[in-house]
Amino acid sequence: MHKKLFIPGPVEVKPAVLEKMATPMIGHRSKDASELQKRISSKLQDILYTKEAILLSTSSGSGLMEGAVRSCTLKRAAVFAVGAFGVRWYEMAQSNNVPADLFEVDWGTAITPEMIDEVLSTGKYDLITITHNETSTGLMNPLETIAGVVKNYPDVVFCLDAVSSAGGSKIEVDRMGLDICITSTQKALGLPPGMALCTFSGKAIERAQEVPCRGYYLDLLSLYNYIQKKDYQYPSTPSLSHMFALDYQLDCILAEGLEQRFARHIDMAEYVRQWAREYFALFADERYLSNTLTTMKNTRNIDVAALNRELGARGYQISNGYGKLKDKTFRIAHMADCTLEEVKELIDNINDILKLN
Ligand SMILES: *Cc1c(COP(=O)(O)O)cnc(C)c1O
């Protein structure tokens, strides 16, 4: 039996999108490929509220995270972490020989504007990375206040990991001054895994032009230059299957209406939070809860694996805690095309299995 996924990626993908993945191939150097990629870019610009360039990468989101820190750091990167994915960005910098410092807060708490101001005011850094929505802790950093501080440092390239939020939560790339905003297909956009995308600002382009060793496959500047020169085609063969599916799914997202889509995510989040407060506890700071997934503290000491086995027999799957939070927490994702009715159905089943109520 297929298990409906309530895990923070890959998410449940609707059949119509899966069918688009099976579209017959076209040449990746054809006019049709250029048109396809142009349409995708323009729709992504709408969804991310930006006029800057869109880059697609046939990799998962981690590829563009690695590419961003390597392509655009000239002096030193300030990497802020609120959980596992923030730390991963620091490891990427280190393993690419990119000078970087890690600023980590206790898991479950948010980055404060004061922290950022203190770090950037040293003048040591020319790139900053922030995790928008930390998928290990269920915390969503306050982007607007963070962006307000980063704006005071015009030489700093602002990179945002929006992998588990973009498409499910409003991210106004241009108004926030984001230079590189990254996401993957398999989270709130509601597609299969295998492709990543990011915005790439004029500032990021200028910076990358000064960086000598940007790698090859994940060199964001070379991707950008190539699509400029070759009418939206990419240097290496992209996953055309994902592009057919993206072209279709982005239409669906825009047809739903962005405000409606974001509101649906908040409704689902509020339902799960309310349930969590009643029967467990929320792991993250109440002021900064994620709209796309909820991390519960396992205050009842339930056997998460056993719960998931029983849910599996009923056709559902949730997530255990991430890394060191395994069994201490568990997670329910409510993102992409998931509906409030489906979330309620899941929660009813959990209540039934755990004999809550
Ligand atoms: C899933 C995730 C990633 C990693 O993305 P991949 O597409 O799996 O490489 C990075 N950051 C966050 C916040 C995520 O949720």
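Residues numbered from 1 in each chain as written. Predicted model: local features only at pLDDT ≥ 70, side-chain atom pairs only at ≥ 80, totals over all residues. Heavy atoms only, no water.

**Let's talk about the sheet that holds strand 12 (residues 293-297)**
Alright, step 1. If you trace the four strands from one edge of the open sheet to the other, you get 11-12-15-14, paired in antiparallel fashion. The open sheet has two free edges, formed respectively by strand 11 (281-282) and strand 14 (319-320), since each of these has just one partner strand. (Pairing = 2+ DSSP bridges. Helix = DSSP H or I, 4+ residues; strand = E, 2+ residues; numbered from the N terminus.)

**Focus on the packing of aromatic side chains**
Alright, step 1. Under the criterion given, the structure shown has nine aromatic pairs.
Alright, step 2. Measuring from ring centre to ring centre gives 5.0 Å for Phe280 and Phe330, while their planes differ by 80°; the resulting arrangement is edge-to-face. With Phe280 in the loop between helix 11 (258-279) and strand 11 and Phe330 in strand 15 (residues 329-333), this pair connects stretches of sequence that are 50 residues apart.
Alright, step 3. What makes Phe280 buried here is its relative accessible area of 6%. (Phe/Tyr/Trp six-rings, centres within 6.5 Å; stacked < 30°, edge-to-face > 60°. Buried < 20%, exposed > 50% of the residue type's maximum accessible area, 1.4 Å probe, protein only.)

**Here's the deal with empty space enclosed by the protein**
Alright, step 1. Following the criterion strictly, the structure yields two cavities of 30 Å³ or more and no others.
Alright, step 2. Taken as a whole, the largest cavity spans an internal volume of roughly 100 Å³.
Alright, step 3. Leu56, Ser57, Thr58, Met195, Tyr217, Leu223, Tyr234, Pro235, Ser236, Thr237, Pro238 and Met243 together form the lining of the largest cavity.
Alright, step 4. Of the residues assigned to the lining of the largest cavity, the class counts are eight nonpolar, four polar and no charged.
Alright, step 5. Along its surface, the second largest cavity is lined by Thr137, Gly138, Arg273, Leu282, Ala284, Leu289, Ser290, Leu293, Thr294 and Thr295. (1 Å grid on protein atoms, 1.4 Å probe; cavity = no way out; pocket = protein on both sides within 12 Å on 5 of 7 lines; lining within 4 Å. Points joined across faces, edges and corners; volume = space filled by probe spheres on them. Nonpolar A, V, L, I, M, F, W, Y, C, P; charged D, E, K, R; others polar.)

**Thoughts on the site of the ligand**
Alright, step 1. Near the ligand there are 14 residues, and of these Ser60, Ser62, Thr135, Asp161 and Lys187 occur at the shortest range.
Alright, step 2. Take Gly61: an N or O atom from its main chain is 2.8 Å from an oxygen atom of the ligand.
Alright, step 3. Separating an oxygen atom of the ligand from a side-chain N or O atom of Ser184 is a distance of 2.7 Å.
Alright, step 4. Coverage of the ligand by the protein chains reaches 91% of its 380 Å² of free accessible surface. (Near = heavy atom within 4 Å. Polar contact = N/O pair within 3.5 Å; in protein donor to acceptor, adjacent residues only side chain to side chain. Areas by Shrake-Rupley, 256 points an atom, 1.4 Å probe, with all protein chains shown as cover.)

**Focus on helix 11**
Alright, step 1. With 22 residues, helix 11 should reach 32 Å at 1.5 Å per residue; the first-to-last C-alpha distance of 32 Å fits that figure.
Alright, step 2. For helix 11, every residue scored as buried is listed here: Leu258, Arg261, Phe262, Arg264, His265, Met268, Ala269, Val272, Arg273, Trp275, Ala276 and Tyr279. Down the axis of helix 11, the buried set is contained in an arc of 165°. They therefore lie on one face.
Alright, step 3. Here the buried face of helix 11 lies against helix 2 (31-47), helix 10 (240-256), strand 11, strand 12, strand 15 and helix 13 (340-354). (Expected span 1.5 Å × (residues − 1). Arc of directions from axis to C-beta. Contact = heavy atoms within 4.5 Å.)

**Digging into the pairing of strand 5 (residues 127-131)**
Regular strands place side chains that alternate from one sheet face to the opposite one.
Alright, step 1. Burial within strand 5 is extensive, with five of its five residues counted as buried.
Alright, step 2. The alternating pattern of strand 5 places Leu127, Thr129 and Thr131 and Ile128 and Ile130 on opposite faces, both of which are buried.
Alright, step 3. Alignment of strand 3 (residues 77-81) against strand 5, held across three bridges, turns out to be parallel. Within strand 5, the residue paired with Ala78 across the bridge is Ile128.
Alright, step 4. The pairing of strand 5 with strand 8 (residues 157-161) spans five bridges and is classified as parallel. Note that in strand 8 the partner of Thr129 across the bridge is Cys159.

**A few points about the environment of Ala284**
Alright, step 1. The residue Ala284 is located in the loop between strand 11 and strand 12 in this model.
Alright, step 2. Taking relative accessible area as the criterion, Ala284 reaches 7% and is therefore assigned buried.
Alright, step 3. When the C-alpha atoms of Ala284 and Leu36 are compared, they prove to be 40 Å apart, with 248 residues separating the residues in sequence.
Alright, step 4. Other than its neighbours up to four places away in sequence, Ala284 contacts Gly108, Thr137, Gly138, Leu139 and Leu289.

**Considering the nonpolar core**
Alright, step 1. Counting residues in each nonpolar core, the largest one holds 110 residues, and the members touching the most others are Ile116, Ile180, Phe200, Trp275 and Ile332.
Alright, step 2. Structurally, this core is a two-domain feature, drawing no fewer than three residues from each of domain 1 (4-9 + 258-354) and domain 2 (23-254).
Alright, step 3. Not counting residues up to four positions away in its chain, the partners in contact with Ile180 are Ala68, Cys72, Val157, Phe158, Cys159, Leu160, Cys198, Thr199, Phe200, Ala204 and Leu220.
Alright, step 4. Membership of the second largest hydrophobic core comes to six residues, among which are Ala188, Leu293, Met335 and Ala336. (Core = buried A, V, L, I, M, F, W, Y, C linked by side-chain atoms within 4.5 Å. Domains from an automatic or database assignment.)

**Regarding the environment of Glu134**
Alright, step 1. Looking at the secondary structure, you find Glu134 in strand 6 (residues 133-134).
Alright, step 2. By relative accessible area, which is 0% here, Glu134 ends up buried.
Alright, step 3. The spacing of Glu134 and Leu289 is 155 residues in sequence and 9.8 Å in space, taken between C-alpha atoms.
Alright, step 4. Excluding residues that lie within four positions of it along the chain, Glu134 makes contacts with Val82, Gly83, Ala84, Phe85, Gly86, Leu139 and Leu293.
Alright, step 5. From its side chain, Glu134 meets the backbone nitrogen of Ala84 in a polar contact 3.4 Å long.

**Some words on the sheet that holds strand 10 (residues 196-200)**
Alright, step 1. Spatially, 2-10-9-8-5-3-4 is the arrangement adopted by the seven strands of the open sheet, whose pairing is mixed. The open sheet has two edge strands with one neighbour each: strand 2 (53-57) and strand 4 (100-104). Strand after strand, the sheet turns through a mean of 20° between neighbouring axes, direction not considered.
Alright, step 2. Relative to strand 10, strand 9 (residues 180-184) runs antiparallel, the two being bridged by three bridges. Bridging across to strand 10, Ser184 finds its partner in Ala196.
Alright, step 3. Sheet strands touched by helix 2: strand 2 and strand 10. Its angle to strand 2, the strand with the most contacts, is close to 120°. (Axes fitted to C-alpha atoms, helices over the stretch in contact; angles between N-to-C directions.)

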